[in-house]
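# Descriptive analysis of the structure
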Amino acid sequence: MISNNKNTKRADLANYGSGSYLASDVTVLLDIVAKDAVADVPVSQKEALIQNGQRHYSDMLTLEDAPSAMHEQLYIQALEQGTARTATDIANLAYTLHRIFQPTVSDEQPLVLVSLVRAGLPIGVLLQRAIADTQSNYALPSVHYGISIIRDRGLDPLALQMLLDAYPDSPIVFVDGWTGKGAIYQELIRSLETFSDSSHPNFTNIFHQGAEVIPLLTLADPAGVAWLSASEEDWLIPSGLLNSTVSGLISRSLYTEPQSAGLHRSVFYDDLVEADHSLAFIDCINVARHNLSIAPQYLPTFKQPRYQTANLIDKLAADYGITNRNRIKPTIAEATRAILRRDPERILLATAEHPDTTLLRHLCKQRNIIVSVLGDKILPYQAITLIKQRSKDH
């Protein structure tokens, strides 16, 4: 039986929302704040403040507008093009999780999927739908939560502790959309270090795959740092093309000082409901997964990160005189988001006319951004955005 204390703590978690997803899909452990309580900082001003070291990116937000008609059209094309692959990848990930955890989890001690807000949310919801599917051969008792992770500041410690208190006997798997350079993986290492002593009461919640294995799952892992991923390719993941309107209408998370005893914060974009694709995306992939004719595959897991693109990032930094690696945004998804949210200097492409970079090239043309085609020099990445330098020191 679940103890009353655990029951109470699980009930407390249910008080949090799910964005525009179904309550059964995810519980997002964020404090939702009103848009007018957040400083809406223009991109160019935000860039200067970040690079001058005056403000951290997680202290500011540039409020989102609805995507343009062109942006919407390219998302729809990407979805048509990528539905079968996404569905297959989710089935393979679900099957692999089932094989690994089925002997040890139960309704009382479910697998805890923890999606990293925001890019992890759509992937985590798809996985939760898949492993909650009792008609499949990979059903598994599981729960799904979304928590904030912020570069330089780590996982939201309060949100993580709430989960550990509510599920003290459950394994946790962290879910993200893709890896770029491996920066978020590094944040996980730092944030989870406190649990890495085998005598820590929560050691087995996190280090269930080994004392040094961070259980990070992604849809794509070009950086080679995930414990489990569907592939290591940089491809046009449909959910990577939009921001809040494919992520439950939730904004990028905003930092909250630990001493304030509050969760990281977020804005809910209720004004973008008409443009929201979040549930439609999930339903589309879910239907395709149900219709797959091939049996799911058991995917390999990795005990150690391979950091297979570290040398490439070093070379790009040297070639372009970049001292702050945060200015290098690899992968199609990150490169696209950087153009929409940051102030780019140039875009590096592996191929001039690759169909997966259509939106990127359109945005570059629109904003007169330099495009350099470098061929296989930047593989496995198809695209990399270099952020404009705003000060000599950064």
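Attention here is on the structure that accompanies the text. Given the structure is predicted, the values throughout are model-derived calculations rather than measurements. (Residues numbered from 1 in each chain as written. Predicted model: local features only at pLDDT ≥ 70, side-chain atom pairs only at ≥ 80, totals over all residues. Heavy atoms only, no water.)

So, about the side chain of S136. Relative to the assigned elements, S136 resides in the loop between α4 (120-131) and β4 (142-150). Judged by its relative accessible area of 18%, S136 is buried. A polar atom in the side chain of S136 sits 2.8 Å from the backbone oxygen of D133. Of the polar contacts made by the side chain of S136, one reaches the backbone nitrogen of A139; its length is 3.4 Å. (Helix = DSSP H or I, 4+ residues; strand = E, 2+ residues; numbered from the N terminus. Buried < 20%, exposed > 50% of the residue type's maximum accessible area, 1.4 Å probe, protein only. Polar contact = N/O pair within 3.5 Å; in protein donor to acceptor, adjacent residues only side chain to side chain.)

Put simply, the largest pocket is a space of about 550 Å³. In terms of lining residues, the largest pocket is bounded by 29 residues, among which E64, D65, H71, N243 and L340 are the most central. Looking at the lining of the largest pocket residue by residue, the class counts come to 14 nonpolar, eight polar and seven charged. By volume, the second largest pocket amounts to about 280 Å³. Lining the second largest pocket are 16 residues, and of these K181, G182, A183, Q186 and R325 lie nearest its centre. (1 Å grid on protein atoms, 1.4 Å probe; cavity = no way out; pocket = protein on both sides within 12 Å on 5 of 7 lines; lining within 4 Å. Points joined across faces, edges and corners; volume = space filled by probe spheres on them. Nonpolar A, V, L, I, M, F, W, Y, C, P; charged D, E, K, R; others polar.)

For a regular strand, the rule is simple: side chains alternate between the two faces of the sheet. Across the six residues that make up strand β11 (residues 344-349), a large majority, five, are buried. Here five bridges tie β11 to strand β13 (residues 383-387), and the two strands are oriented antiparallel to one another. Bridge assignment links P344 to a residue of β13, and that residue is I387. Of the pairings in the sheet, the one linking β11 to strand β12 (residues 370-373) comprises four bridges and is parallel in character. Bridging across to β12, R346 finds its partner in I370. This β-α-β element, β11 to helix α11 (residues 358-367) to β12, shows right-handed connectivity. (Pairing = 2+ DSSP bridges. Right-handed = clockwise from strand over helix to strand, strands pointing away.)

Turning to helix α1 (residues 4-13), its buried residues are K6, R10 and L13. Taken end-on, α1 shows its buried residues confined to a sector of 50 degrees, consistent with a single buried face. Here the buried face of α1 lies against β1 (27-28), β4 and α5 (157-166). (Arc of directions from axis to C-beta. Contact = heavy atoms within 4.5 Å.)

A sheet is described by the order of its strands in space; here four strands give the open sequence β10-β13-β11-β12, paired in mixed fashion. Edge strands, defined here as strands with exactly one partner in the open sheet, are β10 (328-330) and β12. Strand-to-strand twist in this sheet, taken as the mean axis angle between neighbours without regard to direction, amounts to 20 degrees. Running over the sheet, helix α9 (residues 310-319) touches β10, β11 and β13 and is turned about 140 degrees from β10. (Axes fitted to C-alpha atoms, helices over the stretch in contact; angles between N-to-C directions.)

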